[in-house]
Each structure stands twice: as structure tokens, then as C-alpha cells.
Amino acid sequence: MKTVEFDTFKMAYEEAGSGIPILFIHGYPLNRQMWRPQLEQIPSVAHVITPDLRGHGDSTPTDGIYSMDLLAEDCVNLLDRLNIHQKIVLCGLSMGGYVSFAFARKYADRLAALILTSTRAAPDTEEAKLNRQRSMEIAQAQGIDPIIEAMLPRVLSPTTLQNRPSLVETVRQIMRRTSLQAILGDLQGMMERIDSRPYLNQINVPTLIIHGMEDPIIPIEEAQAMQQSIPNCRLILIEQAGHLPNLEAVERFNQAVREFLETL
Ligand code: MLT
């Protein structure tokens, strides 16, 4: 693990390989450890960088709202510190996808391609906002454990939950390394995120959407709708995978990423 010091926090990351830079942005409430199979297997074709967003994993927390724009800015600051000025491939999963939309809006000139995994362009519904409020109250009163136990069955497919107890445990342990500040900051940031649907037709880089067919959080129809709106976009659906196809279907996920990188 390496770190860079910014004014308000220390950002942890890992990197491996050489070639086109590919930055993997994790989801909520996760950290860079969720990209372990990608960090191990994609570097033969690219320079893989996996940061911990502020307050997640080994990155130190800050108080306040973690807006998607703020998290995208943290990623750009990391690229600057690493002296990466060539265009990158950005791969964001779920909340990491929301951050990718913010990145694509603000820093379009730094993007070579986009991989959107298990994510949606639509903002939170009123019901989703209420659920996030409730989660914040629970986290403030009882800490992060109940949040994580409630999230676990939502991020993994029924197939994974039933047949792969060690993967379930790995994901639990990854989630446990999220600070209370990050849980609260993420929930507020996601709740306030803007509707990215009006921007989809302005995405002018090759885009790949990867979505698990058993994703309990985001229905595949949302991925299909995004594909229709993004001009140069492929969609790969992965069977028996839930919200974390990069962990639940490592081979198929990595193959999809490798094949996409080859087309660039
Ligand atoms: C995530 O996996 O990043 C979150 O589930 C996204 C969300 O809650 O909207």
C-alpha cells in the first residue's frame, strides 16, 4: 500500500502494471480491497490504480458530506500526484459509478474510456432518501455494524449468499474497514447526487457497462437504459452475479475488462 498526503486527509492506494492507466473506484461501504482480483490480474495489460476513497480502508476520514464531486476531485488529485497526465480508463462500481459520472462531467479531457459497473444514472428516489436518513440515524446511534449486516445480503447475489460463505465473509471484513464518518458522508453525498441521465448522451468516450443479472440493488433495466443513452456503449450482463460481479464472477468480469481495453 502507498499513501499521498493531501491538506485534509491521507489517501491510500495500490498500483501495479504498466500501460494505459485504469483507475478503479470502489462502491459503498467498501474500499480498494474489493478490487484485489483486478489488481492481481489486469496489470498484464494496463497500469491498475486502486484508491481508498476518503474515510474508507486505509484513507483517513474527514467530517462532512462526501459529495460525488468531492470524491471525483480526490481521484483527480491522486492522478496529479502520480504524475498521470495521459487519458485514463475509469472503472467505477455503484457509488464509484456515481463518482465516475461526476468525474466525466468535470474532467472529460482526462478520460479515454469508461467502465460503469452495477451503477445507475438516476438520482435517489424520495423513498431511497428516507432509507438513507434512517441508515444515518442507525449508524449514529449504533455504529457501523448494523449498516454492514444490512448491506451484505443486498450486495451479493442469492447464489453467492447460498454457496460462497468465504466470499461473504471477505466482503464483510472489507466493509468493516469503513469509518463512521465515511458512512455518514457517503450517504449524504449519494442522497444529494444529481441526475446524471441528461448527461449520458454527452459521454464521448467508449463505454462498457457490466451488470450482474442478480443485482439486488440496481435492476438490469437501469443498465439497459443507460446503454441506450450513451452513444458508444456496450453492455455485458453477467449471470449469477449480484452487485459485486468483479468478486462474484472474477473471470468473466476480468475478461470483459481485458477485451474492452484491447479495443481502445
Ligand atoms: C454502492 O454499492 O456503492 C451503493 O449500494 C450504492 C447506493 O447505495 O446507491
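Residues take numbers from 1 onward in each chain, read along the sequence in its written order. Two thresholds apply to this predicted model, a pLDDT of at least 70 for residue-level local features and 80 or more for giving and counting side-chain atom pairs, whereas whole-chain, interface and lining totals are computed over all residues. Side-chain figures throughout are based on the complete set of non-hydrogen atoms in the structure, without hydrogens or water.

**What about the packing of helix H2 (residues 68-81) against helix H3 (residues 95-106)?**
Inference 1: Packing of H2 against H3 brings their axes to within 8 Å, and their N-to-C directions diverge by 70°. With respect to H3, the element H2 is oriented roughly perpendicular. Facing Met-68, Asp-69, Leu-71, Ala-72, Glu-73, Cys-75, Val-76 and Leu-79 of H2, the residues of H3 in contact are Met-95, Tyr-98, Val-99, Ala-102, Phe-103, Arg-105 and Lys-106.
Inference 2: Residues that form the contact of H2 with H3 fall into these classes: 11 nonpolar, no polar and 4 charged. As a rule, the C-alpha atoms of each element are fitted with a line to give its axis, helices using only the stretch in contact, and angles between N-to-C directions run from 0 to 180 degrees. We count a stretch as a helix when DSSP gives it H or I for four or more residues in a row; a strand needs E for two or more, and each element gets its number in order from the N terminus. For classification purposes, an angle smaller than 35 degrees is called roughly parallel, one larger than 145 roughly antiparallel, one from 65 to 115 roughly perpendicular, and anything else oblique. Pairs of residues are marked as contacts when any of their non-hydrogen atoms sit within 4.5 Å. Put simply, Ala, Val, Leu, Ile, Met, Phe, Trp, Tyr, Cys and Pro go in the nonpolar bin, Asp, Glu, Lys and Arg in the charged bin, and everything else, Gly too, in the polar bin.

**Considering the packing of helix H4 (residues 126-142) against helix H8 (residues 180-191)**
Inference 1: Contact geometry of H4 with H8 gives a least axis separation of 10 Å together with a crossing angle of 165°. In this view, H4 runs roughly antiparallel relative to H8, as classed from their interaxial angle. The interaxial crossing formed by H4 with H8 has left-handed handedness. Of the residues in H8, those in contact with Lys-129, Arg-132, Gln-133, Ser-135, Met-136, Ala-139 and Gln-140 of H4 are Leu-180, Ile-183, Leu-184, Leu-187, Gln-188, Met-190 and Met-191.
Inference 2: The class makeup of the residues in the contact of H4 with H8 is 8 nonpolar, 4 polar and 2 charged. Left-handed is the label given to a crossing in which the near helix is rotated counterclockwise from the far helix by less than a right angle, and right-handed is the label when the rotation is clockwise.

**Considering the environment of Thr-62**
Inference 1: Following the sequence through the fold, Thr-62 ends up in the loop between strand S4 (47-51) and H2.
Inference 2: Relative accessibility thresholds used throughout: buried, under 20% of the residue-type maximum; exposed, over 50%; partly exposed, between the two (1.4 Å probe, protein chains only). You can call Thr-62 buried: its relative accessible area is 12%.
Inference 3: Sequence separation between Thr-62 and Pro-43 is 19 residues; the distance between their C-alpha atoms is 31 Å.
Inference 4: When sequence neighbours within four positions are dropped, the list of residues in contact with Thr-62 reads Thr-8, Phe-9, Arg-54 and Gln-181.
Inference 5: A polar contact of 2.9 Å, which involves the side chain of Thr-62, links it to the side chain of Arg-54. We define a polar contact as two N or O atoms separated by no more than 3.5 Å, with the added condition that, inside protein, one atom must be a possible hydrogen donor and the other a possible acceptor, whereas residues neighbouring each other in sequence contribute only through side-chain atom pairs.

**Notes on the side chain of Ser-94**
Inference 1: Position of Ser-94 among the secondary structure elements: in the loop between strand S5 (88-93) and H3.
Inference 2: According to the relative accessible area criterion, Ser-94 is buried, its value standing at 8%.
Inference 3: Reaching out from Ser-94, the side chain makes a polar contact with the side chain of His-243 at a distance of 2.8 Å.
Inference 4: The residues contacting Ser-94, other than those within four sequence positions of it, are Thr-117, Ser-118, Thr-119, Ile-218 and His-243.

Everything listed here is a matter of coordinates, which is why it stays silent on function.
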